[in-house]
Amino acid sequence: VFASNGYNLVLVARNEENLHKVKVEIEDAYAVSVYCVCMDLTMKDAAMDVYNDCKQMHLTIDCLVTNVGIGDFGEYACSSWDRQYDMVQLNIVSLLQLTYLFLPDMIQNNSGKILNVSSTAWLCSGPKMSVYYASKASVTRFSIALREEVKPHNIHVTTLCPPSVKTQFQQSANMKRKKENYAITAKEVALKGYQGLLKNKAIVYCNMQSKVLSILVKVLPDSVCSKVIMYINKE
């Protein structure tokens, strides 16, 4: 979406082969340059390596999009600690560190945009995916606070909160639901996030159901919301 609107890109992911496939596809489709940084953001200080690579390539980042996240389905007591640790490192720490590193350059330039991808999961606690839900709450709360801090520097911070979308996330998170109706596609989510960022919206919900949910959770007690999520997340 950014490339179709004339932005040059820096793509970060851990699969180098897939990165370069996407690079070729985008450069063939649009008159932009695409730079690839192969990095596993679950590793400590990987964000610093991303920042240093951009500096070495003399690249200025005008828009920072942190679309990172993994989940894990199941009861916390029976989960893998390494998986929970990686989830916090990727979903929260890498996002915080990337923002921390690139933000001073934006402040110096008195211009910039940050799009943090959260989830409707931030709206309530999530039994059977407790750490994931908590991590997305952290992303959203941080982003809302940061938005106020950087307003004087002409920097826009937008939080994108999509509902469940059919991607590789479900398989990676060991979600074993027999069938789920996805109300929105990844492409639609990307478009809404981009448009919301340009309009300088604080939070972007991707469909009417998500907007209604954001209102309901303000009315219902947390204990009721948790029971509902527990019911939904039953295998």
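In what follows, the accompanying structure is described. (Residues numbered from 1 in each chain as written. Predicted model: local features only at pLDDT ≥ 70, side-chain atom pairs only at ≥ 80, totals over all residues. Heavy atoms only, no water.)

### Some thoughts on the pattern of salt bridges
Evaluation of the coordinates by the stated rule reveals 5 salt bridges. For Lys23, the salt bridge is made with Glu27, and the minimal N-O distance between the two is 3.1 Å. Placement of the pair is Lys23 and Glu27 together in helix α1 (residues 16–29), with a separation of 4 residues, close to one helical turn. Given a relative accessible area of 29%, Glu27 falls into the partly exposed group. Across the pair Lys55 and Asp105 runs a salt bridge, and its minimum N-O distance is 3.2 Å. (Salt bridge = Lys/Arg side-chain N within 4 Å of Asp/Glu carboxyl O. Helix = DSSP H or I, 4+ residues; strand = E, 2+ residues; numbered from the N terminus. Buried < 20%, exposed > 50% of the residue type's maximum accessible area, 1.4 Å probe, protein only.)

### A word on the sheet that holds strand β3 (residues 63–66)
The 4 strands are arranged β3-β4-β5-β6 in an open sheet whose pairing can be described as parallel. In this open sheet, the two strands that pair with only one neighbour each are β3 and β6 (203–205). Neighbour-to-neighbour, the strand axes of the sheet open up by a mean angle of 15 degrees, direction not taken into account. Sheet topology note: the strand β5 (residues 155–161)/β6 ladder contains 3 bridges and is parallel. Paired with Cys161 across the two strands is Tyr205, which belongs to β6. (Pairing = 2+ DSSP bridges. Axes fitted to C-alpha atoms, helices over the stretch in contact; angles between N-to-C directions.)

### Considering the nonpolar core
Of all hydrophobic cores here, the largest spans 38 residues; its most connected members are Leu41, Leu98, Phe102 and Ile114. Looking at this core, the elements with two or more residues in it are α2 (46–56), α3 (81–109), α4 (130–150), β5 and α8 (222–232). Per element, the largest residue contribution to this core is 7 residues, and it comes from α3. Beyond its immediate stretch of four places on either side in the chain, Leu41 contacts Val12, Ala46, Ala47, Val50, Val68, Gln89, Leu90, Ser94 and Leu98. Leu19, Ile26, Val117 and Cys206 belong to the second largest nonpolar core, which has 19 residues in total. (Core = buried A, V, L, I, M, F, W, Y, C linked by side-chain atoms within 4.5 Å. Contact = heavy atoms within 4.5 Å.)

### Here's the deal with the packing of α3 against α4
Where α3 contacts α4, the two axes come as close as 9 Å, and the packing angle between them is 10 degrees. As judged from the angle between their axes, α3 and α4 are roughly parallel. Judged by residue contacts, Gln84, Met87, Val88, Asn91, Ile92, Leu95, Leu96, Thr99 and Leu103 of α3 engage Val131, Tyr132, Ser135, Ser138, Val139, Phe142, Leu146 and Val150 from α4. (Parallel < 35°, antiparallel > 145°, perpendicular 65-115°, else oblique.)

### A few points about the environment of Cys54
The residue Cys54 is located in helix α2 in this model. Each C-alpha atom, one on Cys54 and one on Met208, is 38 Å from the other, the two residues being 154 residues apart in sequence. Each residue touching Cys54, except ones within four places of it in the same chain, is listed here: Val10, Leu59, Ile61 and Phe102.

### A few points about a positive patch on the surface
Where like charges cluster on the molecular surface, the positive patch consists of Lys192, Lys199, Lys201 and Lys211. With relative accessibility at 41%, the residue Lys211 sits in the partly exposed group. (Patch = residues over 30% accessible without salt bridge, like charges linked within 9 Å, V, L, I, M, F, W, Y side chains within 5 Å. Areas by Shrake-Rupley, 256 points an atom, 1.4 Å probe, with all protein chains shown as cover. Lys, Arg positive; Asp, Glu negative; His and termini not counted. Charge placed at Lys NZ, Arg CZ, Asp CG, Glu CD.)

### Describing the packing of aromatic side chains
Working definition: an aromatic ring pair is given by the centre-to-centre distance plus the angle between the planes. Under the criterion given, the structure shown has 6 aromatic pairs. Judged by centre distance (5.1 Å) and plane angle (80 degrees), the rings of Phe2 and Tyr7 are edge-to-face. Note on Phe2: relative accessible area 15%, which makes it buried. An aromatic cluster is present here, built from Phe2, Tyr7 and Tyr194 joined pairwise through their rings. (Phe/Tyr/Trp six-rings, centres within 6.5 Å; stacked < 30°, edge-to-face > 60°.)

### Some remarks on helix α7 (residues 208–219)
Between its first and last C-alpha, α7 extends 17 Å over 12 residues, near the 16 Å set by a 1.5 Å rise per residue. Restricting attention to buried positions, one finds in α7 the residues Ser210, Ser214 and Val217. Looking down the long axis of α7, one finds its buried residues gathered within 70 degrees of arc, a one-sided arrangement. Facing away from the buried side of α7 by over 90 degrees, the exposed positions are Met208, Gln209, Ile215 and Val219. Those residues of α7 hidden inside the fold are in contact with β6 and α8. (Expected span 1.5 Å × (residues − 1). Arc of directions from axis to C-beta.)

### Topic: the pairing of strand β1 (residues 9–13)
By the bridge criterion, 5 bridges tie β1 to strand β2 (residues 34–38) in an arrangement that is parallel. Paired with Val12 across the strands is Val37, a residue of β2.

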